[in-house]
Amino acid sequence: MADKMTKEQRHRCMSRIKGWDTKPEMLVRRYLHSRGYRYRVNMRRLPGTPDIVLRKYKTVIFINGCFWHGHGGCRYFVLPKSNTQYWQEKIERNKERDIEKRIQLRLLGWHTIIVWECELKPKNRHTTLLALEQTLNKIFLLNNSVEVTAGYPVVEESIGIVAGKE
Ligand SMILES: [Zn+2]
């Protein structure tokens, strides 16, 4: 039977079947909400339209797909065997754009946290969400206390968990 659905429709349909709230960003949103964080989503006014914006923390969060954003060293980032060069260039451009957005956000005074999709797989999810919360708390202290910054390590803005690592 011919598949008459557009890609977009199919995606929407599939998401509905699987439950739209299992999307990676929903995992992060639900966790943050349950921990009392308040945020806005998909803010178009900020560079890159961040997935989650925590104004109180001057922090934005992007939940990045490992393939599209070229997650280095990740087992989910594998270039297709055909049209390899095309994909490589495309993903390089995405990565450059990500860096530009991050710089623009920084210039506007925002911290950026990247959460990779692989870090939200069931095996890593708990550690990732705890690390995310810790990072937010560190950023909050850095933003709000001069004394704490002395002798405090520079905030690691990527929470830096790679899939498969214990
Ligand atoms: Zn990854």
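A quick note: this is a predicted structure, and the numbers were derived from the prediction, not measured.

Conventions and cut-offs
- Residues numbered from 1 in each chain as written.
- Predicted model: local features only at pLDDT ≥ 70, side-chain atom pairs only at ≥ 80, totals over all residues.
- Core = buried A, V, L, I, M, F, W, Y, C linked by C-beta atoms within 7 Å.
- Buried ≥ 20, exposed ≤ 12 C-beta atoms within 10 Å, placed from the backbone.
- Helix = DSSP H or I, 4+ residues; strand = E, 2+ residues; numbered from the N terminus.
- pLDDT = per-residue confidence, 0-100.
- Contact = placed C-beta atoms within 7 Å.
- Expected span 1.5 Å × (residues − 1).
- Pairing = 2+ DSSP bridges.
- Right-handed = clockwise from strand over helix to strand, strands pointing away.
- Axes fitted to C-alpha atoms, helices over the stretch in contact; angles between N-to-C directions.

K.L.:
Lay out the nonpolar core in plain terms, naming residues and giving numbers.
P.N.:
Judged by nonpolar contacts, the single largest core of 18 residues is most densely connected at Ile 52, Ile 61 and Val 115. Of all the elements, strand β3 (residues 59-64) adds the most residues to this core, at four residues.

K.L.:
Give me the confidence of the model for the protein chain: which residues, what numbers.
P.N.:
On average, the protein chain scores 84 in pLDDT, and the residues at 70 or more come to 74%. Scored below 50 in pLDDT, residues 152-156 makes six contacts in the model with residues more than four places away or belonging to other chains.

K.L.:
Just give me the short version of the environment of Glu 119, but keep the residues and values in it.
P.N.:
With respect to the helices and strands, the residue Glu 119 is situated in the loop between β4 (111-116) and α4 (122-144). As for Glu 119 and Leu 129, which are separated by ten residues in sequence, their C-alpha atoms are 8.9 Å apart.

K.L.:
Tell me about helix α3 (residues 84-107), and name the residues and values.
P.N.:
For α3, spanning 24 residues, the distance from its first C-alpha to its last is 35 Å, which sits close to the expected 34 Å at 1.5 Å a residue. One or two steps after α3, the chain reaches Gly 109, where phi turns positive at roughly 90°.

K.L.:
Now, about the pairing of β3: what can you tell me, with residues and values included?
P.N.:
Of all the six residues making up β3, six are buried; the element is thus mostly covered by neighbouring parts of the structure. On β3, burial covers both faces: Thr 59, Ile 61 and Ile 63 on one face and Val 60, Phe 62 and Asn 64 on the other are all buried. Bridge count between strand β2 (residues 52-54) and β3: three bridges; the pairing is antiparallel. Considered in β3, the bridge of Val 53 is made with Val 60. Counted along the chain from β2 to the antiparallel partner β3, the turn is four residues long, and its residue Lys 58 has a positive phi close to 50°. Between β3 and its parallel partner β4, the chain crosses via α3, and the hand of that crossover is right-handed.

K.L.:
How would you summarise the sheet that holds β3 if you had to cite specific residues and measurements?
P.N.:
Strands pair in a sheet through their backbones, by hydrogen bonds, and they do so in one of two ways: parallel or antiparallel. Read from one edge of the open sheet, four strands run β1-β2-β3-β4, paired in mixed fashion. The open sheet has two edge strands, β1 (40-41) and β4, and neither has a second partner. Across the sheet, α4 lies against β2, β3 and β4, angled at about 175° from β4, the strand it touches most.

K.L.:
So what's going on with α4? Residues and values would help.
P.N.:
With 23 residues, α4 extends 34 Å between its outermost C-alpha atoms, agreeing within 8% with the 33 Å of an ideal straight helix rising 1.5 Å per residue. Within the sequence span of α4, burial applies to Thr 128, Leu 129, Leu 132, Thr 135 and Leu 136. Residues of α4 that are buried in the fold lie against α2 (24-34), β2, β3 and β4.

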